[in-house]
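A look at the structure
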Amino acid sequence: MYVTVNPRSDRTLNGFAMLFKLGLIFCVAASAGCLQLAAGQNTLVSGLLRNVASGVNTVGNVIDSVKTSLKETEDNAARSLVEFTLFTRANISDGVRIYANNLTSIRSSNFDSSKKTKFCTHGYLCNTKPRSGCDNIKNALLKSGDYNVILVDWSALDSKLLYAINVAVRLPAISSVYADLVQDLLDEGADADDMHLIGHSLGAHLSGLVGEQTLAPHNKGVITGLDPAGPLYEGSDSSHRLSPDDARFVEAIHTNGGILGIVEAVGDLDVYYNGGVGTQPGCPFDVAGICSHCFVFDAYINAIENPNAFIATQCPSMAQLRQKACAGNATTFLGLEVNQESKGVYYIDSSLKADLSAVRQCVPKTEGR
């Protein structure tokens, strides 16, 4: 049996190798089974390969140069495959599915528009199944307060090996349906200032896209980026990633900058946990960054469960942060008690250390709730 293969230039093959390696790195770094590329995406893949081969290396370049007629297809897929699951103190373990553009599903659930609403979404190759990072955050939130907690799972749309497709096409499509749900809740009487979007890795930038559409116009709401993804975002235009313009208050907690996380400041408040760059103490042989990248869940959950226990100190500059020369400056607590008037770069030298158990929060989960 013979298969005819269209010839490709060396530059295209090299571009594919670069993209494939990036996918493999993130395969180690996160979790979850995902859909394979749908038929008809060859145009998009070819475009991505051409751009990578030509030296494109930021999300802005990729998005701006790879917009295709697949947008409608991706939007439709997002509306059918993104899962929104609501938890409250009345149903801590048994989540209820709600749907964007379906007010009946919201009205028949335990959603209470008078209460604060907190969302959590995962990153590349992850999900929100039991014992995942977002599931653990949900448990900590409902233990600490009487909230509506909505887990946003887009794992069925995750392109396994082609990380750049998630960045260029999938996240914008997912953000559209996610934003529709937020708007539905606002239309049902919720206050935009009671909305808190929490996202890990790619989920942090997804939260930014949603906030830009729903919270920023009101100058309300809070976004927490948990070690926002770095590849294709470092140095990119702020309109394509998490930025201070996406809500009234935007914070980011950095634990693995320069590997899987972003180094540059992306919020009103950027906290660099134990320095926030490279490997966290307690993560041995963390070459791919998975332990340090997922440790941010532990850091945030501990801050929720232990209010006022984790204190970060402002640093006048990144240079002083790297030298840990920040003593005597303004401070703020981490977690839900964060001072939302705090601005700039902050450092925390925490006694909480990572270990390999942090990886479990990004390990694939296939069982149902």
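As annotated in an unreviewed UniProt entry, the protein chain is Lipase member H from Frankliniella occidentalis. What UniProt records for the protein chain under Sequence similarities (unreviewed entry) is the sentence "Belongs to the AB hydrolase superfamily. Lipase family."

Scanning the protein chain for helices and strands turns up ten helices and eleven strands. Taking all 369 residues of the protein chain together, the buried fraction comes to 56%. In the form shown here, the protein chain has an accessible surface area of approximately 15,200 Å², with 50% of it arising from carbon and sulfur atoms.

Right, let's talk about unusual backbone geometry for a bit. Backbone geometry places asparagine 219, a non-glycine residue, at a positive phi of 50°. Its place among the elements puts asparagine 219 in the loop between helix H8 (202–214) and strand S6 (222–226). Asparagine 219 gets classed as exposed once you look at its relative accessible area, which sits at 51%. One non-glycine residue, asparagine 274, adopts positive backbone phi at about 50°. Tracing the backbone through its elements, the reader meets asparagine 274 in the loop between strand S8 (269–273) and helix H9 (290–305).

Structurally, threonine 255 can be placed in the loop between strand S7 (249–254) and S8. Within the local environment of threonine 255, its side chain forms a polar contact with the backbone oxygen of serine 292, the two atoms lying 2.8 Å apart.

In a regular helix each residue adds 1.5 Å, so 13 residues correspond to 18 Å; H8 covers 19 Å between its end C-alpha atoms and thus fits that length. With eleven of 13 residues buried, H8 is to be regarded as a mostly interior element. By the burial criterion, the buried members of H8 are Leu202, Gly203, Ala204, His205, Leu206, Ser207, Gly208, Leu209, Val210, Gly211 and Thr214. Against the buried residues of H8 lie strand S3 (117–121), helix H7 (163–187), strand S5 (195–200) and S6.

Let us look at the packing of helix H6 (residues 133–144) against H9. Put simply, H6 and H9 touch, their axes get as near as 9 Å, and they point 5° apart. In this view, H6 runs roughly parallel relative to H9, as classed from their interaxial angle. Facing H6, whose interface residues are Gly133, Cys134, Asn136, Ile137, Ala140, Leu141 and Ser144, H9 presents Phe297, Tyr300, Ile301, Ile304 and Glu305. A breakdown of the residues in the contact of H6 with H9 according to their chemical character gives eight nonpolar, three polar and one charged.

Turning next to the packing of aromatic side chains. Evaluated as defined, the whole model comprises four aromatic pairs. Note on phenylalanine 84 and tyrosine 178: the rings are 6.0 Å apart at their centroids and 55° apart in plane angle, and the pair reads as tilted. Of the two residues, phenylalanine 84 sits in strand S1 (residues 83–87) while tyrosine 178 sits in helix H7, which places them 94 residues apart along the sequence. For the pair shown, phenylalanine 84 and tyrosine 178 are each scored as buried. Centroid distance tyrosine 273 to phenylalanine 295: 5.6 Å. Interplanar angle 70°. Geometry classified as edge-to-face. Of this pair, tyrosine 273 sits in strand S8 while phenylalanine 295 is found in helix H9, placing the two residues 22 residues apart along the sequence. As far as burial versus exposure is concerned, tyrosine 273 and phenylalanine 295 are alike and both buried. Positioned above the aromatic ring of tyrosine 147 is the side chain of lysine 118, whose terminal nitrogen or guanidinium carbon lies 4.9 Å from the ring centre. Sitting above the plane of the phenylalanine 87 ring, lysine 138 keeps its charged end 4.3 Å from the centroid.

So, about the state of the cysteines. For the structure on display, the rule yields four disulfides. Covalent S-S linkage joins cysteine 120 and cysteine 134, the inter-sulfur distance amounting to 2.1 Å. Because the sign of the S-S torsion sets the handedness, a value of about -75° for the bond joining cysteine 120 and cysteine 134 places this disulfide among the left-handed ones. Highlighted residues: cysteine 120 in strand S3 and cysteine 134 in helix H6, separated in sequence by 14 residues.

How each quantity is defined
- Residues numbered from 1 in each chain as written.
- Predicted model: local features only at pLDDT ≥ 70, side-chain atom pairs only at ≥ 80, totals over all residues.
- Heavy atoms only, no water.
- UniProt positions renumbered as here; feature names shortened; annotations may be inferred.
- Helix = DSSP H or I, 4+ residues; strand = E, 2+ residues; numbered from the N terminus.
- Buried < 20%, exposed > 50% of the residue type's maximum accessible area, 1.4 Å probe, protein only.
- Areas by Shrake-Rupley, 256 points an atom, 1.4 Å probe, with all protein chains shown as cover.
- Polar contact = N/O pair within 3.5 Å; in protein donor to acceptor, adjacent residues only side chain to side chain.
- Expected span 1.5 Å × (residues − 1).
- Contact = heavy atoms within 4.5 Å.
- Axes fitted to C-alpha atoms, helices over the stretch in contact; angles between N-to-C directions.
- Parallel < 35°, antiparallel > 145°, perpendicular 65-115°, else oblique.
- Nonpolar A, V, L, I, M, F, W, Y, C, P; charged D, E, K, R; others polar.
- Phe/Tyr/Trp six-rings, centres within 6.5 Å; stacked < 30°, edge-to-face > 60°.
- Lys NZ or Arg CZ within 6 Å of the ring centre and 35° of its normal.
- Disulfide = S-S within 2.5 Å.

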